[in-house]
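Structural features, examined
Letter by letter, the chains look like this.
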Amino acid sequence: MEPAVGKPGFLRNILVKALFFGLLIIIVRFAYVVTITGENCNVGNFCFFSLPENINSAIIGTGTFNKAVAVRSTSSVTPTRSKDWIKSVQFHSSVFQDLIAEGYLRPDSKSLCLETVAGSEVFALKEIGVEDAIGISRKASKPLVVSYVNKEKNLMPFGNNTFDFMFSGRAGLDALSKPLDLVTEIERTMKPKGYLIVHVKAKDTYSFHSFLDLFDSFDFIKSRSMDGFDSSLPGIKEIVMQKREGSNSGSIRIRNVVNNGKKCSIPSHKRELVQKAEPLIKQEPLKPWLTLKKNVKSVKYLPAMVDISFRSRYVYVDVGARSYGSSIASWFKKQYPKQNKTFDIYAIEADKHFHEDYKLKKGVNLLPYAAWVKNETLMFEINGDPGKQVVDKGRGMGRIKPADLKFAGDGSVEKIQGFDFAQWMKNSVTEKDYVVMKMDVEGTEFDLIPRLFQTGAICLIDELFLECHYNRWQRCCPGQRSTKYEKTYDQCLELFTTLRESGVLVHQWW
């Protein structure tokens, strides 16, 4: 029998094909790494080359204090190393080295990076010698980043008074819908005298102070404007804060009331905005139904002037709401600039004729009472005004008076319940909330506004749209004034002027 001469050739072919296949895989992998990840190695077991154990050759020289900082190896950490990631590491290494030079960060600081997705900030800390560092985000990216215990409330898996240093970069706090939840956790887990450094957009003084107002247990140290590290965030404001000694980190946040007293002072950054508002109409209009309606179109809305981020929540209060379509649906939902914020809506309407309209309206809280200066039974009169067009199913406007007083008109009268509106405001919202209010209460504004000042609740309002009722010229009857209201236009103008001089951003509503 002749020997089989083809078997060695067959094995040789198999071996060559296997080697060729392996080489092909290496080439494909190489092409992927170069073209997709920027000549770096992604996290994973299939990696043929990576950055040196220490990437300090790419970082040294980017900070003002780099030569004095001891650099340690982080070879045990294998994060995603794209070009953007390396750029982020370089940028934050420079930031952290400056903070070490200024005394806000030490190599032995137990550190936490907030809202970090890929952990580049954590890696940067470790690279400059701050080894005890971890990041937290909605999605874990181990070993650098862990996730929240409760993502909706931003609850952290750390004990009270854990960290010496916290950092939030990339304007991460700007994107939170409820920043106060995270602030509460920051205050709980930060040690007294610990430092918090935050990078935010904070384009104006209003948003800057809104951010500072979120923190009850921290003192503001300093801030500076600086360039960002990419086109998505070209400019940022760096804010340095320190937790006060004696702050109870384990306590539940207590709702703030205005100075815990009666009077309040509207801060200067809010007063400045009043100067930018549209001018008041000084001369009484002969055709108010045209002039005041036209004036609404020239209103300079607060969200059109400033960034309204960094508020605990957003609230719209419609006092004298009438039907849902009267102003909530027709004006606030369609025209008011909300900057993509979700508002809690409160409709205050005493006329039971409109209550059925709100039963199926989601997101609207109806208070079926009359806004008043105290809790008491009132008399409620429905009477048409010939000088004002009524669009709500022919329903006349309602006025209120204490039960022991009588109306001079011939309208229908019934008893209703009034409530202390100013006290309700102080119980329902805080200075950390963003509050917009529309008030159309048929003359009761001359009772409610002084009460808001008296109790300090006026300081809770960020923007007020007020209709002031006076003995205006009647649309139906040229040369005749309405007898429904006793106040004059000059008294209304004085009310608006007093509000603005006190720092309240108020607009003449129609």
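See the structure above.
Quantities reported herein were computed from a predicted structural model and do not represent experimental measurements.

1. So, the pattern of salt bridges
Under the definition given, this model contains 21 salt bridges. Here Asp318 and Lys438 are joined by a salt bridge, their closest N and O atoms 2.8 Å apart. Taken together, the residues Asp318 in strand β8 (residues 314-319) and Lys438 in strand β15 (residues 434-439) connect sequence positions 120 residues apart. The buried category is assigned to Asp318, whose relative accessible area is 0%. Residue classification places Lys438 among the buried residues on the basis of a relative accessible area of 2%. The network of salt bridges with shared partners includes Lys270, Arg311 and Asp462.

2. Some details on the pairing of strand β7 (residues 233-243)
Most of β7 is tucked away: nine of the 11 residues are buried. Bridge count between strand β6 (residues 218-230) and β7: 10 bridges; the pairing is antiparallel. Bridge assignment links Phe218 to a residue of β7, and that residue is Lys243. Between β6 and the antiparallel strand that follows it, β7, lie two residues.

3. Notes on the state of the cysteines
Applying the stated criterion across every chain yields a total of two disulfides. Disulfide pairing is shown between Cys264 and Cys459; the S-S distance is 1.7 Å. A torsion of 90 degrees about the S-S bond marks the disulfide between Cys264 and Cys459 as right-handed. Here Cys264 is found in the loop between β7 and α7 (268-274), whereas its partner Cys459 is found in the loop between α12 (445-455) and β16 (463-466), with 195 residues between them in sequence. According to the relative accessible area criterion, Cys264 is partly exposed, its value standing at 23%. Take Cys459: its relative accessible area is 9%, and that puts it in the buried class.

4. A word on unusual backbone geometry
With omega at 10 degrees, the peptide bond leading from Lys142 into Pro143 counts as cis. In this structure, Pro143 sits in the loop between β2 (133-137) and β3 (145-147). Within the chain, Asn161 stands out as a residue other than glycine whose phi angle is a positive 50 degrees. Of note, the phi angle at Phe310 is positive, near 65 degrees, even though the residue is not glycine. Note on placement: Phe310 falls in the loop between α9 (302-305) and β8.

5. Topic: the sheet that holds β3
Strand order in the open sheet formed by seven strands is β3-β2-β1-β4-β5-β7-β6, and the pairing between neighbours is mixed. Both outer strands of the open sheet, β3 and β6, are each paired with one neighbouring strand and no more. Direction aside, neighbouring strands of the sheet carry axes that sit 20 degrees apart on average. Here five bridges tie strand β4 (residues 163-168) to strand β5 (residues 190-200), and the two strands are oriented parallel to one another. When the bridges of β5 are listed, Phe163 appears paired with Met190. Lying over the sheet, helix α4 (residues 120-127) contacts β1 (111-114), β2 and β4, oriented at roughly 175 degrees with respect to β2. Contacting β5, β6 and β7, helix α6 (residues 205-213) crosses the sheet at an angle of about 35 degrees to β7.

6. Thoughts on the packing of helix α11 (residues 421-428) against α12
At a closest axis distance of 9 Å, the pairing of α11 and α12 adopts a crossing angle of 45 degrees. The orientation of α11 relative to α12 falls into the category oblique. α11 and α12 meet at a crossing whose hand is right-handed. Judged by residue contacts, Phe421, Ala422 and Lys426 of α11 engage Leu448, Arg451, Leu452 and Thr455 from α12. Looking at side-chain class alone, the contact of α11 with α12 contains four nonpolar, one polar and two charged residues.

Calculation criteria
Residues numbered from 1 in each chain as written. Predicted model: local features only at pLDDT ≥ 70, side-chain atom pairs only at ≥ 80, totals over all residues. Heavy atoms only, no water. Salt bridge = Lys/Arg side-chain N within 4 Å of Asp/Glu carboxyl O. Helix = DSSP H or I, 4+ residues; strand = E, 2+ residues; numbered from the N terminus. Buried < 20%, exposed > 50% of the residue type's maximum accessible area, 1.4 Å probe, protein only. Pairing = 2+ DSSP bridges. Disulfide = S-S within 2.5 Å. Axes fitted to C-alpha atoms, helices over the stretch in contact; angles between N-to-C directions. Contact = heavy atoms within 4.5 Å. Parallel < 35°, antiparallel > 145°, perpendicular 65-115°, else oblique. Left-handed = near helix turned anticlockwise from the far one by under 90°. Nonpolar A, V, L, I, M, F, W, Y, C, P; charged D, E, K, R; others polar.

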